[in-house]
There are 2 protein chains.
Amino acid sequence: MNSFETFKALQKKQQAYQYVLNVLGWDSNTEAPKHAFPFRAEMQSIISQEAFSLMLSKEYQEVVKELFETKDQLPKQDRQEIERAHESLQKMVNIPPVEYAAYQKLLSLAQRTWEGAKKENNYAAFKDTLGEIIKKARQMITYRNQEKAPYDVLLDDYEKGMNMEKYDAFFDALRKDLVPFVKEVLNHRPKKPAFIDRHFPKAGQKEFVEYLNEVFHYDLDRGLLKESVHPFTWNTHPGDVRYTVRYLENFMFSSIFAGIHELGHATYEMQINDALTSTNLKSGTSMGIHESQSRFYENVVGRSKAFWEVHYPKLKSIFPEPLKDVDVDTFYLGINWVEQSFIRVEADELTYPLHIMVRYECERAIFNEGLSMEDLPQLWNKKVKEYLNIDVENDADGLLQDVHWSGGAFGYFPTYALGSAYAAQIYYAMLKEFDLDDVIRSNNIAHVNGWLKDKIHQFGKTKTPDELILEVTQEPFNVKYYIQYLKEKYGSLYLGV
Amino acid sequence: MNSFETFKALQKKQQAYQYVLNVLGWDSNTEAPKHAFPFRAEMQSIISQEAFSLMLSKEYQEVVKELFETKDQLPKQDRQEIERAHESLQKMVNIPPVEYAAYQKLLSLAQRTWEGAKKENNYAAFKDTLGEIIKKARQMITYRNQEKAPYDVLLDDYEKGMNMEKYDAFFDALRKDLVPFVKEVLNHRPKKPAFIDRHFPKAGQKEFVEYLNEVFHYDLDRGLLKESVHPFTWNTHPGDVRYTVRYLENFMFSSIFAGIHELGHATYEMQINDALTSTNLKSGTSMGIHESQSRFYENVVGRSKAFWEVHYPKLKSIFPEPLKDVDVDTFYLGINWVEQSFIRVEADELTYPLHIMVRYECERAIFNEGLSMEDLPQLWNKKVKEYLNIDVENDADGLLQDVHWSGGAFGYFPTYALGSAYAAQIYYAMLKEFDLDDVIRSNNIAHVNGWLKDKIHQFGKTKTPDELILEVTQEPFNVKYYIQYLKEKYGSLYLGV
């Protein structure tokens, strides 16, 4: 075997460990019974440790190092594989195993501490743990010999190429243009459509989500729709891409739009070139680009007027009673209803980025300006007041609401807003090539799938987010499209412009 | 670490590999989409090979050997663990890896060959493969340095302590007593109850199986009910014991009785002492004892008159229309309807052991008397005629019907009949302590579960089948109870005795 073949053989073994751990994850998050977990944790930890040892084995490290040093002699895709393997190794290789294990243990305990604190609406019970996580997360970064600021390291981890400078510019634009626009929209709302809170039995919602699978050409020979408490997409390769929804009988939009959102993630993963399956380039290229696809499907397609002109009759046929006095215009207003709310995951498309901005500014203050855990709630609440004009009264509805920080995921949130902005820029590029509304009206989502496969999906991780945006839209990322998109859509809906 | 601790650490690692492979198996058999399988096979094979290498590692072999040689100094349970580990190793250790791999590959290809041959009703297409499997299976036995006849080795593999001598005696008794009794029953049948073939919608069947979960005290915090093509029970430890059924709208008995059957297997696994989870003694002791539990629940409890006196009203409330002209006596006759049939898995309780006898005699003739693959169909068909008085016209309904042989599972079938016989002997022992019908009529299956836990389930593999039967029934296994049970039940139902 030459070095590259050795690398591939060692990678494949690691991939197998990751694969079985992924399948455990699917089972854990969808159906494993309660008492399966203590024993499962023990078994899982053994397999994880084995996988970890394989990755940090001398043999693997040496072959990656050797190939990395001579990578310019490799064909392009091989070089990309080596670069990626090298980068992953660099994140881990200098962390003392004892410290790494201690951090993992802290995170696993923190999950419960956070759950308890949220349930009891008691930030004080989580504060020290959060401080400890942040301290250890910083410590991990010091082992990576990066010259960048710690928060820049984190931002780049979740979205290659991003940093505070770029995100600052992004959020500054939103703060300047979007915050006043949202206030204007909120001041011009008609009466809230009453149907939103009506009762929609689960069986009907399920029937409609299954109908959506057909509309979006989701291939059940390569996928599976299931229920779980939190909707998610799960995949191991393009032949096995599953997703989940949940059915809330008093909030039907949850299954419909979380469903279409996950269908966006799933379509991305299903359309990646099969030839990448045996490489470490086999999945979506970044959090931001992934989110751009899910939000494109959910919001640009799924919350469009054109979409419901075609599909509302089907929904109405399933729910004749609760929708009997609801015409398609009212329905369209309902699914795009703008509201000040405390909870990010329940926010509408327009106010959603403001929720992200709150989190970005808090994380930035923590990692870059040394904000203390004592002062964190005050900053959070101040920002919520500033952007959404509401007063946080319970930390459970404030800085305790998200799971991310308890898992050490700092720098992740901004990719959610960035994804929406990518989606808008991609949308205007698409419009130059075809009339999306026409395509939606002719129920031809296959055409959209095909376009996105061609331009984005097939490439997996062989192109960076920056490369994709530049190639698809013929210009670098520009926040103006996002603002334009939101102003056009919500201006027309609420301001008559 | 002392040697025993080393052994435990190495075992635990092997257990983790087995665990993740089991979870893959569950997913594969219940919901994984079609295109998941090629990549899965690749990943699975890597993990299997790792598990195999761990088991055959020098370190593990040496520590097992060392402990086995001094096992009499160990506490009882530790000694049992070592004996079991030693025995498992002896089955594998002398097989040349190349030959083992070739055999596994043959079996995996044979699966498809058999499926095709069965579908096309063409034994000729499977004959050579079957011959090859048998040849290789024999070859594997030669590596095990056993002095026993090959078929005795196989019989003991599936049921410790069993051999041709014992099975011959068992089946001789059935042949002598049961075959003429079955013929008499068949000659005295009333009109077949018409409701059996009626249409019972899936939703109602599902509701009833969920009701059965309550009746049998199946704990959903430690289990899960799901659908699959072939019903099965799956478990990793007492905290995670799942089972599946299938819903055939034109044959409701499938979900009800396969459901109760699997509930028997599941109850056994759930009631094993938790302290055995970290050992190789953690599961049911043998195929035969496992089957005794599933058949006890299915037939002795689930097909009893007392059971339906309590639960028939519930079933009737779910299916008022198709059961409107069916009283409980007719229903009881229907669920115990005796029929000559070609297919083992569809056979009733009374004729079932005759199907097993056919298979036992064929396997015995192959392994012990060198029966050729050419002559196998003739022997099969002759035995079916002799015991069931019907003529096999299609090999698909004859010797091609079962999956077992294509998987190299020779010696497995007899445990099915043995299980029913164990169940009968256990039943009469139980009657000495309480009136089972009374307990069933008061819907107190918890009492039955408790009794079986106390006498059988809790022990896992720490007691052999022989030990259990002797302790529970105060005498060695005796076929007479099985014959007595069948004659009492079916004599009363069909012959008025």
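The structure displayed is predicted, hence computed values, not measured ones. (Residues numbered from 1 in each chain as written. Chains lettered and ligands numbered in written order. Predicted model: local features only at pLDDT ≥ 70, side-chain atom pairs only at ≥ 80, totals over all residues. Heavy atoms only, no water.)

(A) Quick peek at the interface of chain B and chain A. Each partner contributes to the interface: chain B provides 37 residues, whereas chain A provides 37 residues. Together, the buried faces of chain B and chain A total about 3300 Å²; carbon and sulfur atoms form 66% of this surface. The largest contributions to the chain B side of the interface with chain A come from B:Tyr19, B:Glu31 and B:Phe39, which together make up 18% of the buried area. At the boundary of chain B and chain A, one finds 11 salt bridges. (Contact = heavy atoms within 4.5 Å. Buried area = accessible area lost by both parts, 1.4 Å probe. Salt bridge = Lys/Arg side-chain N within 4 Å of Asp/Glu carboxyl O.)

(B) The arrangement of the pattern of salt bridges in detail. Tallying each qualifying case throughout the model produces 91 salt bridges over all chains. Residue A:Glu50 is joined to B:Lys13 by a salt bridge in which the shortest nitrogen-to-oxygen separation is 2.9 Å. Here B:Lys13 lies in helix α1 (residues 3–30) and A:Glu50 lies in helix α2 (residues 37–55), a pairing that spans two chains. Assessed through its relative accessible area of 18%, A:Glu50 is described here as buried. B:Lys13 sits in the partly exposed class, given a relative accessible area of 27%. In this structure, the salt-bridge partner of A:Lys58 is A:Glu62, at a minimum N-O distance of 3.9 Å. With A:Lys58 and A:Glu62 both in helix α3 (residues 58–69) and 4 residues apart, the pair spans about one turn of that helix. Salt bridges linked by common partners bring A:Asp27, A:Glu31, A:Arg40, A:Lys226, A:Asp240, A:Arg242, B:Asp27, B:Glu31, B:Arg40, B:Lys226, B:Asp240 and B:Arg242 together as one network. (Helix = DSSP H or I, 4+ residues; strand = E, 2+ residues; numbered from the N terminus. Buried < 20%, exposed > 50% of the residue type's maximum accessible area, 1.4 Å probe, protein only.)

(C) Examining the sheet that holds strand β3 (residues 240–245) of chain B more closely. Residue and element names in this part refer to chain B. Reading across the sheet, the 3 strands line up as β1-β3-β2 and stay open at both edges, with mixed pairing between neighbours. The outermost strands of the open sheet, each flanked by one partner alone, are β1 (223–227) and β2 (233–237). In this sheet, neighbouring strand axes are inclined to one another by 15° on average, regardless of whether the strands run parallel or antiparallel. Relative to β3, β1 runs parallel, the two being bridged by 5 bridges. Paired with Glu-227 across the strands is Val-245, a residue of β3. Packed on one face of the sheet, α1 meets β1, β2 and β3 and runs near 160° to β2. Together, β1, β2 and β3 form the strand contacts of helix α10 (residues 253–270), whose direction differs from that of β3 by roughly 170°. (Pairing = 2+ DSSP bridges. Axes fitted to C-alpha atoms, helices over the stretch in contact; angles between N-to-C directions.)

(D) Summary view of the domain arrangement of chain A. Residue and element names in this part refer to chain A. Each assigned domain of chain A is listed here: domain 1 (3–147) and domain 2 (164–495). Here the C-alpha centroids of domain 1 and domain 2 sit 27 Å apart. Contacts between the two partners involve 34 residues from domain 1 and, on the opposite side, 39 residues from domain 2. Here domain 1 and domain 2 share an interface that buries about 3100 Å² over both sides, 60% of which is from carbon and sulfur atoms. Broken down residue by residue, the surface that domain 1 buries against domain 2 is led by Trp-26, Trp-114 and Tyr-123, which jointly contribute 24%. At the surface where domain 1 touches domain 2, the tally comes to 2 salt bridges. Across the pair Lys-226 and Glu-31 runs a salt bridge whose closest N-O atoms are separated by 2.9 Å. Scanning the region where domain 1 abuts domain 2 turns up 18 residue pairs in polar contact (both at pLDDT 80 or more). For the side of domain 1 that touches domain 2, the secondary-structure elements that each account for two or more residues are α1 (3–30), α4 (76–92), α5 (97–119) and α6 (124–142). (Domains from an automatic or database assignment. Polar contact = N/O pair within 3.5 Å; in protein donor to acceptor, adjacent residues only side chain to side chain.)

(E) Focus on the pairing of β2(B). All names here are of chain B. As judged from the 4 bridges shared by β2 and β3, these two strands associate in the antiparallel manner. Within the sheet, the bridge partner assigned to Thr-233 lies in β3 and is Tyr-243. Once β2 ends, the chain turns through 2 residues before running back antiparallel as β3.

(F) Highlighting the nonpolar core. Core analysis: the largest hydrophobic core is formed by 138 residues, its most contacted members being A:Phe216, A:Phe296, A:Trp308, A:Leu315 and A:Leu376. Counting the residues that make up this core, at least three belong to each of domain 1 (3–147) and domain 2 (164–495) of chain A. Within the second largest apolar cluster, 137 residues are counted, among which are B:Tyr211, B:Ile256, B:Ala306 and B:Phe307. (Core = buried A, V, L, I, M, F, W, Y, C linked by side-chain atoms within 4.5 Å.)

(G) Inspection of the relation of the copies chain B and chain A at higher detail. Here chain B sits on chain A after a turn of 180° about the axis and a move of 0.0 Å along it, with an RMSD of 0.0 Å. What the superposition gives is, in effect, a two-fold axis relating one chain to the other. Proximity to the rotation axis, assessed at the C-alpha, singles out B:Val20 in chain B; its C-alpha lies 3.1 Å from the axis. Both copies present the same face, since 100% of the interface residues in chain B are matched by interface residues at the equivalent positions in chain A. (Least-squares fit on C-alpha atoms with pLDDT ≥ 70 in both.)

(H) Structural view of helix α20 (residues 480–495) of chain B. All names here are of chain B. With 16 residues, α20 should reach 22 Å at 1.5 Å per residue; the first-to-last C-alpha distance of 20 Å falls well below that figure. The complete set of buried residues in α20 reads Tyr-481, Tyr-482, Ile-483, Tyr-485, Leu-486, Lys-489, Tyr-490, Gly-491 and Tyr-494. Of the surrounding secondary structure, the elements contacted by the buried residues of α20 are α8 (164–187), α11 (287–301), α13 (328–335), α14 (352–369) and α16 (413–431). Count one or two residues on from α20 and you reach Gly-496, which has phi positive near 65°. (Expected span 1.5 Å × (residues − 1).)

(I) Broad picture of the environment of B:Asp177. Residues and elements named next belong to chain B. Along the chain, the position of Asp-177 falls in helix α8. Residue Asp-177 is classed as partly exposed on the basis of its relative accessible area of 27%. Here the alpha-carbon distance between Asp-177 and Thr-279, two residues 102 residues apart in the chain, equals 42 Å. Leaving out residues up to four positions away in the same chain, Asp-177 has contacts with Ile-483 and Lys-487.

(J) The arrangement of the packing of helix α7 (residues 150–158) of chain B against α14(B) in detail. All names here are of chain B. Remark: α7 packs on α14, axes separated minimally by 8 Å, with the N-to-C direction vectors making an angle of 135°. What the angle tells us is that α7 and α14 run oblique. Along the contact surface, α7 presents Tyr-151, Leu-154 and Leu-155, while α14 presents Tyr-360, Glu-363, Arg-364 and Phe-367. By residue class, the composition of the contact of α7 with α14 is 5 nonpolar, no polar and 2 charged. (Parallel < 35°, antiparallel > 145°, perpendicular 65-115°, else oblique. Nonpolar A, V, L, I, M, F, W, Y, C, P; charged D, E, K, R; others polar.)

(K) The arrangement of helix α18 (residues 445–455) of chain A in detail. Residues and elements named next belong to chain A. When α18 is considered as a whole, its buried residues turn out to be Ile-445, Val-448, Asn-449, Trp-451 and Leu-452. Projection of α18 onto a plane perpendicular to its axis shows the buried side chains occupying an angular sector of 165°, all on one side. Contacts from the buried residues of α18 go to α9 (202–215), α10 (253–270), α11 (287–301), α16 (414–431), α17 (436–441) and α19 (465–473). (Arc of directions from axis to C-beta.)

(L) Region of interest: the side chain of A:Glu298. Considering the arrangement of structural elements, one finds A:Glu298 in helix α11. Sequence-distant contacts of A:Glu298, defined by excluding residues within four places in its chain, comprise A:Phe257, A:Ile260, A:His261 and A:Arg303.

(M) Inspection of the sheet that holds strand β2 (residues 233–237) of chain A at higher detail. All names here are of chain A. On the basis of which strands lie adjacent, the open sheet formed by 3 strands has the order β1-β3-β2 and mixed pairing. Single-partner strands in this sheet number two, and they are β1 (223–227) and β2. The mean angle between the axes of side-by-side strands here comes to 15°, regardless of whether they run parallel or antiparallel. Of the strands in this sheet, β1, β2 and β3 (240–245) are in contact with α1, which crosses β2 at around 160°.

(N) The packing of aromatic side chains, seen in detail. Residues and elements named next belong to chain B. Following the criterion strictly, the structure yields 87 aromatic pairs over all chains and no others. For the ring pair Tyr-312 and Phe-331, a centre distance of 4.7 Å and an interplane angle of 35° mean the geometry is tilted. Of this pair, Tyr-312 sits in helix α12 (residues 305–318) while Phe-331 sits in helix α13, placing them 19 residues apart in sequence. Using a relative accessible area of 4% as the deciding quantity, one classes Tyr-312 as buried. Above the face of the Tyr-352 ring, Arg-295 is positioned so that its terminal group lies 4.1 Å from the ring centre. (Phe/Tyr/Trp six-rings, centres within 6.5 Å; stacked < 30°, edge-to-face > 60°. Lys NZ or Arg CZ within 6 Å of the ring centre and 35° of its normal.)

(O) Molecular detail of the side chain of A:Lys383. Residue and element names in this part refer to chain A. Mapped onto the elements, Lys-383 comes out in helix α15 (residues 376–388). Lys-383 sits in the buried class, given a relative accessible area of 11%. When near neighbours in sequence (up to four residues on either side) are disregarded, Lys-383 contacts Val-358, Glu-361 and Leu-388.

(P) A look at the environment of A:Leu388. Residues and elements named next belong to chain A. With respect to the element layout, Leu-388 can be found in helix α15. A C-alpha to C-alpha distance of 8.4 Å links Leu-388 and His-355, two positions 33 residues apart in sequence. The contacts of Leu-388, once residues within four sequence positions are left out, are Gln-340, Ser-341, Thr-351, Leu-354, His-355 and Lys-383.

(Q) Geometry of the packing of α14(B) against helix α15 (residues 376–388) of chain B. Residues and elements named next belong to chain B. The N-to-C vectors of α14 and α15 enclose an angle of 150°; their axes lie 9 Å apart at closest approach. In this view, α14 runs roughly antiparallel relative to α15, as classed from their interaxial angle. Every pair of crossing elements has a handedness; the one defined by α14 and α15 is right-handed. Residue-level contacts link Leu-354, His-355, Met-357, Val-358, Arg-359, Glu-361, Cys-362, Ala-365 and Ile-366 of α14 to Leu-376, Leu-379, Trp-380, Lys-383, Val-384, Tyr-387 and Leu-388 of α15. Broken down by class, the residue content of the contact of α14 with α15 amounts to 12 nonpolar, 1 polar and 3 charged. (Left-handed = near helix turned anticlockwise from the far one by under 90°.)

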